[in-house]
Amino acid sequence: MAYEDLFKYIGDFGRYQKRIYFLLCLTAIPCGFHKLANVFLMAKPDHRCQLPFESINANYSLPNETWYMSYPVDEFNHEKYSGCERLDANFTDEYFASNSPVNKSITCVSYILDDSKYKSSTVIEWNMICGRKAMRATADALFMLGVLLGSIVFGQMSDKYGRKPVFFASLVLQVIFGVIAGIAPDYITFVLARLVVGATTSGVFLVSYVLAMEMVGQSYRLFAGVAVMMFFSLGFILTAGFAYIFRDWREFQIAITLPGLVFMCYYWFIPESSRWLLSKNRKDEAIKVIEAVAKENKAIIPKEVLDSIDDEIKPKQIVKEPDVKEPSLLDLFRYPNLRRKTLLIFLDWFVNSATYYGLSWNTSNLGGNDYVNFIISGAVEFPAYTFLLLTLNRWGRRNILCGCMLVAGTMLLTTILIPKEHDTAIMVLAMLGKMAITSSYGTVYVFTTEQFPTPVRNVGLGASSMMARFGGILAPYINVLADLWKPFPLVIFGVLAFISGLLSLYLPETLNKKLPETIEEGERFGKKTAHQDEENADNLEELKKLNQTSNTIPETPELINGHAKLDN
């Protein structure tokens, strides 16, 4: 008897599953804290050169005539004075009385920072401004590199050692290195600690998501997969609350880390995945978990049903024939139709991740109140995910993916037409773009799973995940361009989203379609006729051999979905 058949007895989403699912969803909240915290940890305050006659503790504010006589106009924003240079003048009473500023400028040696908005930040403490501003982008990029490494390391460990021990190991590391980041004495220590924290967000979120999805029946998996993202969005919003209360960056970092201690008590409430136990031939332990589910759900499972549970989800031994190759990622690039679809999917993941994180981290460059902007950026994700729940199984994956990316691109590009003094209009357009890209990012998970053929589905999703992480790594460097021209990041993200949305029209629709089970079917999927496929296939005989191999490889959709959702 297959494991999926058990849901006929215990229910797809009974009381037990709801309780465990809710508890596991809560762990997405601190992951949201850590992934978005750099907006406030590395907040860039207004700054100006320290003048020769000032002490380092001087007030940022100056009389208008002093600004005029002390600083050149910013070369990129002629309505502001430069924050990185001062006039090379002899600042005497006679000079200020002359009302005739010198024309020569020199680079700042030290700075006076405006602490009215942020009591402190890493940018203030380590002077990551002007010529050192790339250090901010690098810190964000290295955090996302940690997320990438964590998805690889903790994903493999959870498959080998179990979901539960890896979840708690990740949680412990997250708390330890989160605190280390909060007490870091220098930039290098801070960045390395945050890199480890980034890796642990993958471990915590990946394992909790997989555990949740492995106990939910097929009819509730779309809801369960989307609803967990709303908890991440809740963490997104609450990050602004923590930042507003804890204005010192060290206190803020520790404040968002300590809630992780609460989840340590999960050790006594969260069971190991029965699916994983079965895959490791630990049937007795798996049956105990299943019986606990049935008891709380007030369901009865006949003994003969439990005894007949087979281990079909356990990887089966593949008998390799001399001339038969095992399918690999390279097969996605060996055949023209698969290659085209794979490249388009990789582009979608790269653009969605870059745009999502780029917009999330760019809220302080949109004008207005930084905290309000950030809360709005998180709040728009709720209608975005609700839209997916209502439409994804009705309108089709491709229509939603392409439509949302085109809307996102249009909204972001329209900001060029808005005069820069209209901050509210720019903010509205940017947030509409954020809402649309959130919907498309949620769609690409499902769409990708259904595009790749079964033998290479996991490896295809893993490669897509890597492309998403590269997009996240690039995003902070694009945001730095706002110092040159405020709409620059929005324009770049808008162009990427619009082009990717148009190109995605070349992907075949998968709603209510039979998913490709072999490499050969994957090559044919989305083509007009089988005759065209045979004419274009580079090596039909090789495809048939791959077909023989792929028939021995089981599909594990619950793991596929779990690994994909790691990339939130």
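Here the structure is a predicted model, which is why all the values come from computation and not from measurement.

With that settled, consider the overall build of the protein. Along the protein, the regular secondary structure elements total 27 helices and 4 strands. By residue count, 55% of the 568 residues in the protein fall in the buried class. On the protein, roughly 24300 Å² of surface is accessible, and the fraction owed to carbon and sulfur atoms is 61%.

Time to look at the environment of Gln-156. Structurally, the position occupied by Gln-156 is in helix α8 (residues 134-161). For Gln-156, a relative accessible area of 55% corresponds to the exposed category. The spatial distance from the C-alpha of Gln-156 to the C-alpha of Val-166 is 9.9 Å, given a sequence separation of 10 residues.

Here the focus is the packing of aromatic side chains. Enumeration according to the criterion identifies 37 aromatic pairs in this entry. Here the aromatic rings of Phe-40 and Phe-374 are separated by 4.9 Å at their centres, their planes lie at 65 degrees, and the arrangement is edge-to-face. Of this pair, Phe-40 sits in helix α4 (residues 38-41) while Phe-374 sits in helix α18 (residues 370-379), placing them 334 residues apart in sequence. With respect to class, Phe-40 is no different from Phe-374; both count as buried.

The terminal C-alpha atoms of helix α20 (residues 397-414) lie 26 Å apart, and with 18 residues this matches the ideal 26 Å at 1.5 Å per residue to within 8%. For α20, the complete set of buried residues consists of Arg-397, Ile-400, Leu-401, Cys-402, Cys-404, Met-405, Ala-408, Gly-409, Met-411 and Leu-412. In this structure, the buried residues of α20 make contact with α17 (336-361), α19 (381-391), α21 (423-451) and α23 (488-503).

Here we take up the state of the cysteines. Per the stated rule, a full pass over the model turns up 2 disulfides. A sulfur-sulfur distance of 1.4 Å marks the disulfide that ties Cys-49 to Cys-108. Judged by the torsion about the S-S bond (-80 degrees), the Cys-49/Cys-108 disulfide is left-handed. Of this pair, Cys-49 sits in strand β1 (residues 47-49) while Cys-108 sits in the loop between β3 (105-107) and β4 (111-113), and the two are 59 residues apart along the sequence. Just as Cys-49 is buried, Cys-108 falls in that class too. Here Cys-84 pairs with Cys-130 through a disulfide, and the sulfurs are 1.9 Å apart. In this structure the cystine formed by Cys-84 and Cys-130 twists about its S-S bond by roughly -95 degrees; its chirality is therefore left-handed. Note that Cys-84 is positioned in the loop between α5 (64-70) and β2 (85-87) and Cys-130 in the loop between α7 (122-125) and α8, a separation of 46 residues in sequence. On the basis of relative accessible area, Cys-84 is assigned to the partly exposed category, the value being 26%. Numbered by order of appearance in the sequence, the disulfide-linked cysteines of the protein pair as 1-3, 2-4. Left without a disulfide partner, Cys-404 is nearest to the cysteine sulfur of Cys-402, which lies 9.6 Å away.

The next subject is the environment of Ser-105. Looking at the element boundaries, Ser-105 is found in strand β3. Take Ser-105: its relative accessible area is 27%, and that puts it in the partly exposed class. Put simply, Ser-105 and Tyr-71 are 34 residues apart on the chain and 7.9 Å apart in space, counted from C-alpha to C-alpha. Each residue touching Ser-105, except ones within four places of it in the same chain, is listed here: Pro-72, Glu-85, Arg-86, Leu-87 and Asp-88.

What follows concerns the pattern of salt bridges. Tallied over the entire structure, the rule returns 11 salt bridges. A salt bridge links Asp-370 to Lys-117, with the nearest nitrogen and oxygen atoms 3.5 Å apart. Placement of Asp-370 in helix α18 and of Lys-117 in the loop between β4 and α7 is noted, with a sequence separation of 253 residues between them. For Lys-117, a relative accessible area of 37% translates into the label partly exposed. Linking Glu-450 and Arg-397 is a salt bridge whose minimum nitrogen-to-oxygen distance equals 2.9 Å. Highlighted residues: Glu-450 in helix α21 and Arg-397 in helix α20, separated in sequence by 53 residues. Members of the salt-bridge network, linked through shared partners, are Arg-15, Arg-19 and Glu-296.

Turning to helix α3 (residues 28-36), a few remarks are in order. α3 sits mainly inside the fold: 9 of its 9 residues count as buried. What α3 keeps buried is the set Ala-28, Ile-29, Pro-30, Cys-31, Gly-32, Phe-33, His-34, Lys-35 and Leu-36.

Membership of the largest hydrophobic core comes to 151 residues, with the highest contact counts inside it found for Tyr-21, Phe-40, Met-42, Tyr-187, Phe-190 and Ile-301. Element by element, the count of residues in this core is highest for helix α10 (residues 187-214), at 13 residues. When near neighbours in sequence (up to four residues on either side) are disregarded, Tyr-187 contacts Met-42, Trp-126, Met-128, Met-135, Thr-138 and Ala-139.

So, about the packing of α17 against α21. Think of two packed helices as two axes; the pair is described by the angle between the axes and how far apart they sit. Closest axis-to-axis distance for the α17/α21 pair is 9 Å, and the angle between their directions is 145 degrees. Crossing of α17 against α21: the hand is left-handed. Listed contacts from α21 to Lys-341, Ile-345, Asp-348, Trp-349, Asn-352, Ser-353, Thr-355, Tyr-356, Tyr-357, Leu-359 and Ser-360 of α17 are Ala-430, Gly-433, Lys-434, Ile-437, Thr-438, Ser-440, Tyr-441, Val-444, Tyr-445, Thr-448 and Gln-451. The class makeup of the residues in the contact of α17 with α21 is 10 nonpolar, 9 polar and 3 charged.

Another point: the confidence of the model for the protein. In the predicted model, the protein carries a mean pLDDT of 85, and 89% of its residues have values of at least 70. The least confident element of the protein is helix α27 (residues 557-565), whose mean pLDDT is 38; the most confident is helix α12 (residues 249-257), at 96. Every residue in residues 311-320 is under pLDDT 50, and counting partners more than four places away or in other chains gives 17 contacts.

Now for the side chain of Ser-500. On the secondary structure map, Ser-500 appears in helix α23. In terms of polar contacts, Ser-500 uses its side chain to reach the side chain of Asp-348, at 2.7 Å.

Time to look at a nonpolar patch on the surface. Taken together, the side chains of Phe-76, Ile-416, Leu-417, Leu-484, Trp-485 and Phe-488 make up a nonpolar region of the molecular surface, amounting to roughly 580 Å² of accessible area. One can find Ile-416 in the loop between α20 and α21.

The rules we used
- Residues numbered from 1 in each chain as written.
- Predicted model: local features only at pLDDT ≥ 70, side-chain atom pairs only at ≥ 80, totals over all residues.
- Heavy atoms only, no water.
- Helix = DSSP H or I, 4+ residues; strand = E, 2+ residues; numbered from the N terminus.
- Buried < 20%, exposed > 50% of the residue type's maximum accessible area, 1.4 Å probe, protein only.
- Areas by Shrake-Rupley, 256 points an atom, 1.4 Å probe, with all protein chains shown as cover.
- Phe/Tyr/Trp six-rings, centres within 6.5 Å; stacked < 30°, edge-to-face > 60°.
- Expected span 1.5 Å × (residues − 1).
- Contact = heavy atoms within 4.5 Å.
- Disulfide = S-S within 2.5 Å.
- Salt bridge = Lys/Arg side-chain N within 4 Å of Asp/Glu carboxyl O.
- Core = buried A, V, L, I, M, F, W, Y, C linked by side-chain atoms within 4.5 Å.
- Axes fitted to C-alpha atoms, helices over the stretch in contact; angles between N-to-C directions.
- Left-handed = near helix turned anticlockwise from the far one by under 90°.
- Nonpolar A, V, L, I, M, F, W, Y, C, P; charged D, E, K, R; others polar.
- pLDDT = per-residue confidence, 0-100.
- Polar contact = N/O pair within 3.5 Å; in protein donor to acceptor, adjacent residues only side chain to side chain.
- Patch = residues over 30% accessible without salt bridge, like charges linked within 9 Å, V, L, I, M, F, W, Y side chains within 5 Å.

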